[in-house]
Amino acid sequence: MAAVDVIVDNLVTLWRIPSIRQNFHWIFLLISVVGSVLKELELVPQTYFSSTRNALNVYFVKVSWGWTLLLLTPFLLLSNSSFSRSVSFLCRRLLSLAVATAVWYAFTETFFYIEDATGSCYETDALDVVNKEFVSKASCRRAGFLWDGYDISGHSFILAYSALFIVEETAPMASLRTAKLSALPRMVLNLLYVALNLIVIVWVWMFACTSVYFHDPSHKLLGTICGLIAWYLTYRVWYLKPFSPGLPPQRHPKERKQHA
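Residues numbered from 1 in each chain as written. Predicted model: local features only at pLDDT ≥ 70, side-chain atom pairs only at ≥ 80, totals over all residues. Heavy atoms only, no water.

K.L.:
What am I meant to see in the pattern of salt bridges here?
P.N.:
Close approach of charged atoms lets side chains of opposite charge pair. All told, the structure shown has 3 salt bridges when counted by the stated rule. Of the charged contacts in the structure, one is a salt bridge between glutamate 169 and arginine 93, with a shortest N-O distance of 2.7 Å. Placement of the pair is glutamate 169 in helix H7 (residues 154-169) and arginine 93 in helix H5 (residues 87-118), with a sequence separation of 76 residues. With a closest N to O distance of 3.2 Å, lysine 137 and glutamate 115 form a salt bridge. With lysine 137 in helix H6 (residues 137-142) and glutamate 115 in helix H5, the pair connects residues that are 22 residues apart, well separated along the chain. (Salt bridge = Lys/Arg side-chain N within 4 Å of Asp/Glu carboxyl O. Helix = DSSP H or I, 4+ residues; strand = E, 2+ residues; numbered from the N terminus.)

K.L.:
What is the right way to read a negative patch on the surface from this model?
P.N.:
Taken together, the side chains of Glu40, Glu42, Asp148 and Asp216 define an acidic patch exposed on the protein surface. Structurally, the position occupied by glutamate 40 is in helix H2 (residues 18-40). Judged by relative accessible area, which is 48%, glutamate 40 ranks as partly exposed. (Patch = residues over 30% accessible without salt bridge, like charges linked within 9 Å, V, L, I, M, F, W, Y side chains within 5 Å. Areas by Shrake-Rupley, 256 points an atom, 1.4 Å probe, with all protein chains shown as cover. Lys, Arg positive; Asp, Glu negative; His and termini not counted. Charge placed at Lys NZ, Arg CZ, Asp CG, Glu CD. Buried < 20%, exposed > 50% of the residue type's maximum accessible area, 1.4 Å probe, protein only.)

K.L.:
I would appreciate a short explanation of the packing of helix H4 (residues 64-83) against helix H9 (residues 183-213) in the present structure.
P.N.:
At a closest axis distance of 10 Å, the pairing of H4 and H9 adopts a crossing angle of 150°. One way to sum up the angle between H4 and H9 is to call them roughly antiparallel. Crossing hand, H4 versus H9: left-handed. Mapping the contact onto sequence places Ser64, Trp67, Thr68, Leu71, Leu72, Pro74, Phe75, Leu78 and Ser79 in H4 and Pro185, Val188, Leu189, Leu192, Tyr193, Ala195, Leu196, Ile199 and Trp203 in H9. (Axes fitted to C-alpha atoms, helices over the stretch in contact; angles between N-to-C directions. Parallel < 35°, antiparallel > 145°, perpendicular 65-115°, else oblique. Left-handed = near helix turned anticlockwise from the far one by under 90°. Contact = heavy atoms within 4.5 Å.)

The following block contains the structure:
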């Protein structure tokens, strides 16, 4: 497991660089804008990732929130219990998962509603024959027709929000590298941390693919902005206040004693 330890140390060092950590969210806006320009100018050739059937999209992006929770939940439990075994503390920290899931659900359902409210059902790809019998995207598609409405990019939203969520909740790893943990919890924590960083890489890559291959510019930009707003209002506003899940712990108790 020495190789994993080296990888973890390098990742922790990377995320402790202030310029990277403080500006990570701007990467998504930059990718969204640049990717949209490249798509509109048709400067990016078609590749394996320009198909919605690519493996990363089918097995990861379409269930992205499931992957995020699957890996982050045990990491959050292990990492936070190292700082405090208080039940109230752990419950507060676990509440961040519930809040993030509620945010994900609220935004995606709103996107679906907007697409239904602004769209119409068309019988041909030319969008010249309207079928007024179907008034929702689901019923229209079940009938074999095409629904056209204002489709805010759910992919842009969830990939940006998930990546930022993971980066915030894995921050305690910087302190846990020097904490005394038994072999098994340390190994599990390291593996989860590496896996979560790999997922962040996948999310950023697929966010870039979405930007250069799919959706209209305004759809992608609005989806990205929604993801950034959701992250900002939780981790930069609400979680700083007493009645909230609170921010992830940044310094281990033993470190605090050493610096006292």
